[in-house]
Amino acid sequence: MPMGIFRVCLVVITAIVNHPLLFPKENGTVPENMEEIIQKMKEREESLRLERLRLEQEIAAQEAAQKALEKAAEVVEESKEEKVRWDMWTALSMVIFLLIELWRQDFQEGNWQDTGGEEDDMAVLGKAFKGVAFPDKAVLASFYEKRILGTTGDMARMREMVEGFADDLLEALRSVCNRDADMEVEDCMGVGSMYENWRVRKPFVCDLIVPFAPPEPYCFRSQTWCSGDSFPPDEQGYGTIKVCRADEDVTGCICDKTKLGEDMLCLLHSQTNTTRPSSEMEDLLCFKNTQYLDANQVMKWFQIAVTKAWNRISHKYEFDLSFSLLDSPGALKIKFRSGKSIAFNLTPVVQYENSDVYFISHFPRSTLAADLPSSNHWFLTFAVYERRFIQLVSKTLPANACHVSCLQILSFLHGKQCSLTGPSGLTNYHLKTVMLHLLQARPSQDWAPEKLEARLQDMLKFLEKCLHEKKLYHFFIGNGNIPAELCFPIIFQRAEPLNLFRPFVLHRDVYRKTVDTFHEMLRNMSALINEYTVHIPLAHTNGIHKEAL
């Protein structure tokens, strides 16, 4: 109770002491300060109101912008839906167009091999031949006898001489090589125009291929573009060659196709079989740090081996031997003391499985060919089968058939025109391919010697057609009508046709130059032939017709 009374008294005393009227002089400015505080509070209130209005305006602007964005998003979404519908129609139209184009190509590809429809096909061609004077049979016969037969009479003796020397050179090469470490060289084979008897332009050059194989216990395992794995379009017609041990099964184990971890081992192959020193593979002419045969390494090895072999047998001959081209493995030239010379190519090749298709290390390329990505890509040559096909078909043709004569005349005309106007994208191999296609398409009796003029016109028209379409298919690749007697590998018959004129699509300037050269050759054909033709009585020359082909 006393404590409560004390607290009440303390409160009363405190209230009296703090009353403002008790000290009037010290608290005389209180009313002025209050007015100032009130004024500041009003100003603060006004500023807050203005700030609130500003924020409301910003919020309204943001809401308007958000609505505009939502509306724009709706418009974009609608446009995307319309674009998707349009793209679907576009894609569908493209698919239909491609199907029609593929059908047209297949139809045309089947038609040019169909003998029944060939005359109609030829009738719509020949636009470039309008107004061109074409020599008659008498002029062509005289030209062929004087210009072609008169310059090819020594080919047989030249082939015999070159083959004999090449055999001696290869025998010496085997003797200087280490049989336990170096490649094993087989006998050479003659291919190309000199051995198919249609070479016309000098200098005459014999082409010989030399198969070789690795020393035991190694072997070659090849892979082509049509073996199943995808190859870029510019690598079609090529393949790779892998150097493996004979007891190694590269197809039955994945240890050689995938990278195993450092702590993992293959249970089928020991480390000694799967891991080879880099120097050992380089000794086997492989590309650096790989098991793939390197064409450049093969070229260096072959040139060194040929040089050693020639040093061993040079004392037996009264001529000199040298390399005419350093970037080709066996481009050789024999130089006699009289000043005459003979050139021939001795090129190393690798056999494809058990066939007569060969991987060739270096192949003469035209200006159309692009550089390969690496030197472990090898070109496939079907030269042996081409020679055999010509020999096989020749047995069914009439005596003195004109197929070789047509090719010789066309090769001469094109070569003569190129010497006047410069090189073009056409090669003699293209011309031979045209002849092979027509040999298969036309019946045997159409190649009688008296039909030389008509068949030459057919070859020119067919070539014009191919140039116009930029399509000339390889004769063997993708051709299912190869005679069974040739025993041609079925994998290449089932492959997609290989267009030899595909580079024309990529090189428009070369294509235009080639077409211009072809047209110029047609215009100059009569002049070129008459230049090498003996005089023919007027009664015969009156038969020259100017009918368009």
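Scroll up to find the structure this text is about.
Since we're looking at a predicted model, the values are computed, not measured. (Residues numbered from 1 in each chain as written. Predicted model: local features only at pLDDT ≥ 70, side-chain atom pairs only at ≥ 80, totals over all residues. Heavy atoms only, no water.)

Novice: For the packing of aromatic side chains, give the residues involved together with the corresponding values.
Specialist: In total, this model carries 28 aromatic pairs according to the counting rule given. Seen in terms of ring centroids, W301 and F302 are 5.9 Å apart; in terms of plane orientation they differ by 55°. Their pairing is tilted. The same class applies to W301 as to F302, namely buried. When the ring of Y385 is compared with that of F488, the centres are 5.1 Å apart and the planes differ by 90°; the resulting orientation is edge-to-face. Of this pair, Y385 sits in helix α10 (residues 383–394) while F488 sits in the loop between α13 (452–469) and α14 (490–493), and the two are 103 residues apart along the sequence. Taken as a pair, Y385 and F488 share a single burial class, namely buried. An aromatic cluster of three or more residues is present, and its members are W225, Y352, F359, F382, Y385, F389, F475, F476, F488 and F492. Residue placement shows R245 over the ring face of Y218; its charged tip is 5.8 Å from the ring centre. Across from the ring centre of Y385, 5.9 Å away, lies the NZ or CZ of R388, which sits over that ring. (Phe/Tyr/Trp six-rings, centres within 6.5 Å; stacked < 30°, edge-to-face > 60°. Buried < 20%, exposed > 50% of the residue type's maximum accessible area, 1.4 Å probe, protein only. Helix = DSSP H or I, 4+ residues; strand = E, 2+ residues; numbered from the N terminus. Lys NZ or Arg CZ within 6 Å of the ring centre and 35° of its normal.)

Novice: Go over the packing of α10 against helix α12 (residues 428–441), please, and point to the residues and values.
Specialist: The interhelical angle for the contact between α10 and α12, taken along N-to-C directions, is 40°, at an axis separation of 11 Å. Classified by the interaxial angle, the pair formed by α10 and α12 is oblique. The handedness of the crossing between α10 and α12 is left-handed. Residue-level inspection shows E386, F389, I390 and V393 of α10 in contact with α12, the latter providing Y429, K432, M435, L436 and L439. (Axes fitted to C-alpha atoms, helices over the stretch in contact; angles between N-to-C directions. Parallel < 35°, antiparallel > 145°, perpendicular 65-115°, else oblique. Left-handed = near helix turned anticlockwise from the far one by under 90°. Contact = heavy atoms within 4.5 Å.)

Novice: Residues and numbers for a negative patch on the surface, please.
Specialist: Among the surface-exposed residues, E70, E74, E77 and E78 lie close enough to one another that they form a single negatively charged patch. Within the element layout of this structure, E77 appears in helix α2 (residues 30–112). (Patch = residues over 30% accessible without salt bridge, like charges linked within 9 Å, V, L, I, M, F, W, Y side chains within 5 Å. Areas by Shrake-Rupley, 256 points an atom, 1.4 Å probe, with all protein chains shown as cover. Salt bridge = Lys/Arg side-chain N within 4 Å of Asp/Glu carboxyl O. Lys, Arg positive; Asp, Glu negative; His and termini not counted. Charge placed at Lys NZ, Arg CZ, Asp CG, Glu CD.)

Novice: I'd like a description of helix α11 (residues 403–421), backed by residues and values.
Specialist: When the terminal C-alpha atoms of α11 are compared, their 27 Å separation across 19 residues agrees well with the 27 Å that a helix rising 1.5 Å per residue should span. Within α11, 16 of the 19 residues are buried, which leaves the element mostly enclosed by the surrounding structure. Positioned one or two residues after α11, G422 has a phi angle of 100°, which is positive. (Expected span 1.5 Å × (residues − 1).)

Novice: For the pairing of strand β8 (residues 341–351), give the residues involved together with the corresponding values.
Specialist: Buried residues dominate β8, accounting for 8 of its 11 residues. Here strand β3 (residues 205–213) runs beside β8; their pairing, made up of 7 bridges, is parallel. Across the sheet, residue P211 finds its bridge partner in β8, namely V349. Two strands pair when backbone bridges link them, and strand β7 (residues 331–336) and β8 are joined in this way by 5 bridges, in the antiparallel orientation. When the bridges of β8 are listed, K335 appears paired with S341. Between β7 and the antiparallel strand that follows it, β8, lie 4 residues; G339 among them carries a positive phi value of about 105°. The pairing of β8 with strand β9 (residues 358–360) spans 3 bridges and is classified as antiparallel. By the bridge assignment for β9, V349 is matched with I360. If you look at the hairpin formed by β8 and β9, you'll find 6 residues sitting between the two strands, and E353 has a positive phi there, around 50°. (Pairing = 2+ DSSP bridges.)

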